[in-house]
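Notes for the structure review
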Amino acid sequence: MASSSTPPPESDPNSSLHLHAELLPNIRQLTLYISVPANTPSTDLTITLSESRRSISVSLNPDNDPITMKLPAHVHPTSHHILHLTPTTLPQTQPRATQGEYSFRMPVDVNTPITNNHNDLDSLDGYIPWTATDMSSATRLRCLKCESEVLGEGKVWKDLPSGNWAEMMDFWHCHKPDPPKGENNGNGDGEEMNAVKGYGAANQVVATPGTVLVDVVGFLVAGRDCLGIPNTNTDTTHPDANADKIHCTTCTTQLGIHDPIANGHRLYKTRLAASSPSSPSPTSSSSPEVSPTTTTIWSHHPPETVISAQLLELIDRESTRRFILHSDNKSGLLIWIFTPTLTYSNASATHQISAQRAMKVFYQILSDEKEIQRMLDAEVGKVGVVAVEEVRLLGEEVDGFQRVLEKSRSLLPVEAREWRGWRVGLVGRFERNISITT
Ligand SMILES: [Zn+2]
Ligand SMILES: [Zn+2]
């Protein structure tokens, strides 16, 4: 996302002009929205499609520079006709014209391959940031907030087999404080613990020194491999809710949780930066920053990108698209992933977003503890009850996800910000550059 620094003067009518385009790859259709002040006559609109049919220019006053936006894809030649309906006939085909909202549906050019237009969910690797292939023996990890080193180089990175992800994800989003253990049974009963954690006896994953096991949202590492993390609370006679949390010794940010079953630390991707010896690929959504003293490049992924990957994995596995994101049951978000994959562009006189991959998310802000509990306890299968999956996150991650939704919502055309009681937002998702093989 790039934005110019100087807003246009108030006298420029184009300062009230806002463009938004969404491409739904599965139906190869692009919708362009043009937002103007209410009751703007269509005769004031000048719409120009570029020769390549990949960008659009719109002006409210031909004397001013138009707003130009790169479209998510090349559109079909018939789009010229769709956009250039004679202005006098435009109001009849535009029911929201008096509200200042014009929209045009255009087919995507038949010769334009849409990257990854097969079902994205077929390739888990495609949307997950930081898989083992992104890491090397030279990769180090550090605390995102204070830059203290958390993991040194020389590790072997392995993706957990996807068959183990179900267990891993259950751990991540259903993890609760360990049950109290008796003094005479300090190590806990293995089978009992497995049942508590939802682990099967088979396929049990255990942390191994020197190896980092990678799943959708984090890394499983042996405790002795971690730097700058104090020993976890080993006073099993006085277990408390915070006993499993792992904090950075320098800045006290929570970096993960201790997993006694896997005998290791689970570190959150959202709280870490990783080093790489060369530049990250340009398709990566990471934010590179070059350290001034070395050639090491540190990068991280925005928390919402990691959360998006977690949600996409859950959609694939649980066959539900509705989730409650929360950290403490008291407040949270009810979300409905309405469209897992779309590409959008958005432009005004002051900002430009070009061909960004995103999920369309319907959401409701929850602040009633009883309401949240009622939804989590709802009996699936009853008439009118829709399956809702619980996703426990750190509080700051829930708040950040909500801020991303609210900000993206404010960029949408007014008519697209609400749908039957749901708010509508867009959340960026990670997209690996996958070559088309079919
Ligand atoms: Zn635990
Ligand atoms: Zn720190």
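Residues numbered from 1 in each chain as written. Chains lettered and ligands numbered in written order. Predicted model: local features only at pLDDT ≥ 70, side-chain atom pairs only at ≥ 80, totals over all residues. Heavy atoms only, no water.

**Description of the coordination of the zinc ion (ligand 2)**
Basically, it comes down to this: Each metal site lists N, O and S donors within 2.8 Å (3.2 Å for Na, K and Ca). With water left out of the atoms, a site can look as if it is missing ligands. Here the metal geometry follows the donor angles, with tetrahedral for four donors whose angles all fall between 85 and 135 degrees, square planar for four and octahedral for six when opposite donors are more than 155 degrees apart and every other angle is between 65 and 115, and irregular for all the rest. Whether a residue is buried, partly exposed or exposed follows from its accessible area with a 1.4 Å probe, protein chains only, as a fraction of its type maximum: under 20%, in between, or over 50%, in that order.
Surrounding the zinc ion (ligand 2) are the protein donor atoms C143 (SG), C146 (SG), C248 (SG) and C251 (SG), which sit 2.3 Å from the metal. Taken together, the four donor atoms coordinating the zinc ion (ligand 2) span angles of 102 to 118° at the metal, a pattern that classifies the geometry as tetrahedral. The sequence pattern describing where the donors of the zinc ion (ligand 2) fall on their chain is C-x2-C-x101-C-x2-C. By relative accessible area, C248 is classed as buried at 3%.

**Observations regarding the side chain of H258**
For clarity, the threshold we go by: Per the convention used, a helix needs a DSSP run of H or I reaching at least four residues, while a strand needs a run of E reaching at least two, with both numbered from the N terminus. Any pair of nitrogen or oxygen atoms within 3.5 Å is treated as a polar contact; in protein, a donor-acceptor pairing is required on top of that, and neighbouring residues in sequence qualify only through side-chain atoms on both sides.
Examined against the element boundaries, H258 turns out to sit in strand β13 (residues 254–259). From its side chain, H258 meets the backbone oxygen of G264 in a polar contact 3.2 Å long. There is a polar contact of 3.2 Å between the side chain of H258 and the side chain of H265.

**What about unusual backbone geometry?**
The backbone of T252 shows a phi angle near 65°, a positive value even though the residue is not glycine. Counting through the fold element by element, T252 comes out in the loop between β12 (245–247) and β13. The exposure class of T252 is exposed, given its relative accessible area of 57%. Although it is not a glycine, R420 sits at a positive phi angle of roughly 45°. On the secondary structure map, R420 appears in the loop between β22 (418–419) and β23 (422–428).

**Some thoughts on the confidence of the model for the chain**
Quick note on the threshold: The predictor attaches a confidence to each residue, called pLDDT, with possible values from 0 through 100. Here, two residues are considered to be in contact whenever any of their heavy atoms come within 4.5 Å of each other.
The share of residues in the chain with pLDDT of 70 or more is 74%, and the mean pLDDT across the chain is 80. Contacts from residues 280–285, a stretch scored under 50 in pLDDT, to residues over four places away or in other chains number eleven contacts.

**Side note on the nonpolar core**
We apply this condition: Residues belong to one nonpolar core when they are buried, are Ala, Val, Leu, Ile, Met, Phe, Trp, Tyr or Cys, and are joined through side-chain atoms within 4.5 Å.
Counting residues in each nonpolar core, the largest one holds 26 residues, and the members touching the most others are L32, I34 and I56. Formed by 25 residues, the second largest nonpolar core is a distinct cluster that contains I128, V306, L312 and Y363.

**Details of the pairing of strand β15 (residues 272–276)**
To keep things clear, this is the line we draw: Here, any two strands with at least 2 DSSP bridges between them count as paired.
With respect to burial, β15 is a largely interior element, five of its five residues being buried. Judged by which residues are buried, β15 turns out to be covered on both faces: L272, A274 and S276 on one side and A273 and S275 on the other are all buried. The pairing of strand β7 (residues 141–143) with β15 spans three bridges and is antiparallel. The residue bridging C143 from the neighbouring strand is L272, located in β15. Taken together, the three bridges between β15 and strand β17 (residues 297–299) define a ladder with antiparallel strand orientation. Residue A274 lies in a different strand from β17, and its bridge partner there is S299.

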